[in-house]
Amino acid sequence: MNIKTSSQPSKLISAIAIAAFMSSCSTPGGMNVKVSNPSEDARSGEIVEIPVADIAERLGNGYYAVLVDDEEIPSQVTYDSLLIFQADLAPKATAEYTIVVRDTLPAYDSKAQGRVYPERADDLAWENDIVGFRAYGPTTQRKGERAYGYDIFFKYPDKGLVLEKLYGPETSPKTWQTVDSLRAISNEQAEEYINSISYHIDHGLGMDCYAVGPTLGDGVAARLVGDSIAFAWCYDEAEVLDNGPVRFTARLRFAPKDSITETRLITLDAGSHLNACTVSYDGLRDSTAIVAGVPRRDASKALTGDNYIAYADPTQGPDNGKAMLGVIVPDRTTTAEEREGHIVLRTAVAPGENFRYYFGFAWDRADIADMQAWNDYLKNFKKSPLIISY
């Protein structure tokens, strides 16, 4: 019996895969998988990960589909050769799935995707069914705009994927031709039209009403140089590695700074409020202090727990609700502190060491209503992992 431990960001819980390679575990032509929830809490949309190599050893190569009660559910093979799918389990319950080989796979409805938007200054924007994010790109940096951190998009969970709909009117040449025509008549009419299509205003799909500017935004990690945060500015290169239907993954590279090149691997799973992010620094010569956090915008209390911080940002606008931000740094010794107008977790990385952490948010008008519930969400990051056997 082989025992494997793998980490996955959806619901911020790792999965323990117990693989029993015995013929009795599989139905003819398929591979049976049991997923058990050892905790007292229901698990909804939990990500299950199974190495493709284990499946190929049992079933051979091909397109792998996942069945539950003979019904096919969305699944995805990731860039790092994992078959992933979502599981729903009651407390202390076990669910059974069957993996089969298909000649082709249907186009599943996606719950996680993103892309670079060259039409919007090279934004890399990505989303799942409940939250959206963006990182600013090289065009923004060339223009001299100091947008260092991650931006966020509020979303309604029942609206599905919305970024294409939000970006479309903002980036259409026809929109701005109309604006120019209206300005020739009345600036007031032009501004009314802009407000009618702006993604900074909620028109029923969600919006971007969070200010980033020269800050860490929602959860960027950065080195400390001396006693100051060394902001990395905007990404230099972006590569999308996974693009749904269950997981989005992108690799961002940043221009060298102080002879150190930073790379970030960001993963967002369907159903999760939090991205997993692995940061590496090429050229680092000594152990270096690093912080990950969010800017403080008012005097409200930040919540801290076992290696996490939570803060309710008031957002821009008179009545847009609050962005409840969160950062988790697991399996490390950290110190929560306030620095340069930010609430951060501080730790250290050694040369050649990767720094893995989680960042994200919840909107108090969506599925998590208040800071107590958000604090509980972050605190429960270290719940008992699902048990996966096959």
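This text gives an overview of the structure that appears in the document. (Residues numbered from 1 in each chain as written. Predicted model: local features only at pLDDT ≥ 70, side-chain atom pairs only at ≥ 80, totals over all residues. Heavy atoms only, no water.)

**Focus on the pattern of salt bridges**
Inspection of the entire model under this criterion finds 27 salt bridges. With a shortest N-O distance of 3.6 Å, R43 and E46 are connected by a salt bridge. E164 serves as the salt-bridge partner of R115, at 2.8 Å between the closest nitrogen and oxygen. One end of the pair, R115, is in strand 10 (residues 112–117); the other, E164, is in helix 3 (residues 163–171), with 49 residues separating them in the sequence. What makes R115 partly exposed here is its relative accessible area of 28%. The exposure class of E164 is partly exposed, given its relative accessible area of 38%. Through salt bridges with shared partners, one network takes in R120, D123, R134, D151 and D208. (Salt bridge = Lys/Arg side-chain N within 4 Å of Asp/Glu carboxyl O. Helix = DSSP H or I, 4+ residues; strand = E, 2+ residues; numbered from the N terminus. Buried < 20%, exposed > 50% of the residue type's maximum accessible area, 1.4 Å probe, protein only.)

**Side note on the packing of aromatic side chains**
For the structure on display, the rule yields 20 aromatic pairs. With centroids separated by 5.8 Å and ring planes inclined at 20°, the aromatic side chains of W126 and F133 adopt a geometry described as stacked. Both residues of the pair, W126 and F133, belong to the buried class. Among the aromatic side chains, those forming a connected cluster through ring pairs are W126, F133, Y150, F154, Y156, F248, F355, Y357, F359, F361 and W363. Above the face of the Y117 ring, R115 is positioned so that its terminal group lies 3.8 Å from the ring centre. (Phe/Tyr/Trp six-rings, centres within 6.5 Å; stacked < 30°, edge-to-face > 60°. Lys NZ or Arg CZ within 6 Å of the ring centre and 35° of its normal.)

**Thoughts on the pairing of strand 18 (residues 247–253)**
Within strand 18, 5 of the 7 residues are buried, which leaves the element mostly enclosed by the surrounding structure. Pairing geometry for strand 17 (residues 237–243) and strand 18, over 6 bridges, is antiparallel. Directly across from N243, in strand 18, lies its bridge partner F248. Counted along the chain from strand 17 to the antiparallel partner strand 18, the turn is 3 residues long, and its residue G244 has a positive phi close to 80°. Direction of pairing for strand 18 relative to strand 19 (residues 261–269): antiparallel, over a ladder of 7 bridges. Paired with A250 across the strands is I266, a residue of strand 19. (Pairing = 2+ DSSP bridges.)

**Some remarks on the sheet that holds strand 27 (residues 355–363)**
As summarised here, the arrangement of the 8 strands in space is 17-18-19-20-27-24-23-22, forming an open sheet in which the pairing is antiparallel. Edge positions in the sheet fall to strand 17 and strand 22 (303–305), since each of these pairs with one other strand and no more. Neighbour-to-neighbour, the strand axes of the sheet open up by a mean angle of 15°, direction not taken into account. Summarising the sheet, strand 22 and strand 23 (residues 308–313) pair through 3 bridges and their orientation is antiparallel. The partner of G305 across the bridge, within strand 23, is Y308. Relative to strand 23, helix 6 (residues 371–379) is tilted by about 155°, and along the sheet it contacts strand 20 (274–282), strand 22, strand 23, strand 24 (323–328) and strand 27. (Axes fitted to C-alpha atoms, helices over the stretch in contact; angles between N-to-C directions. Contact = heavy atoms within 4.5 Å.)

**Details of helix 4 (residues 173–183)**
Three or more residues of helix 4 are buried, namely T175, V179 and L182. One side of helix 4 holds all its buried residues, which, seen down the axis, span an arc of 65°. Exposed and facing more than 90 degrees away from the buried side of helix 4 are P173, K174, Q177 and D180. Among the structural elements, helix 3 and helix 5 (187–197) are those in contact with the buried residues of helix 4. (Arc of directions from axis to C-beta.)

**As for the packing of helix 4 against helix 5**
Contact geometry of helix 4 with helix 5 gives a least axis separation of 7 Å together with a crossing angle of 155°. Between helix 4 and helix 5, the angle falls in the class roughly antiparallel. On the side of helix 4, the interface is formed by T175, W176, T178, V179, L182 and R183, while helix 5 contributes N187, Q189, A190, E191, Y193, I194 and I197. Taken together, the residues of the contact of helix 4 with helix 5 sort by class into 7 nonpolar, 4 polar and 2 charged. (Parallel < 35°, antiparallel > 145°, perpendicular 65-115°, else oblique. Nonpolar A, V, L, I, M, F, W, Y, C, P; charged D, E, K, R; others polar.)

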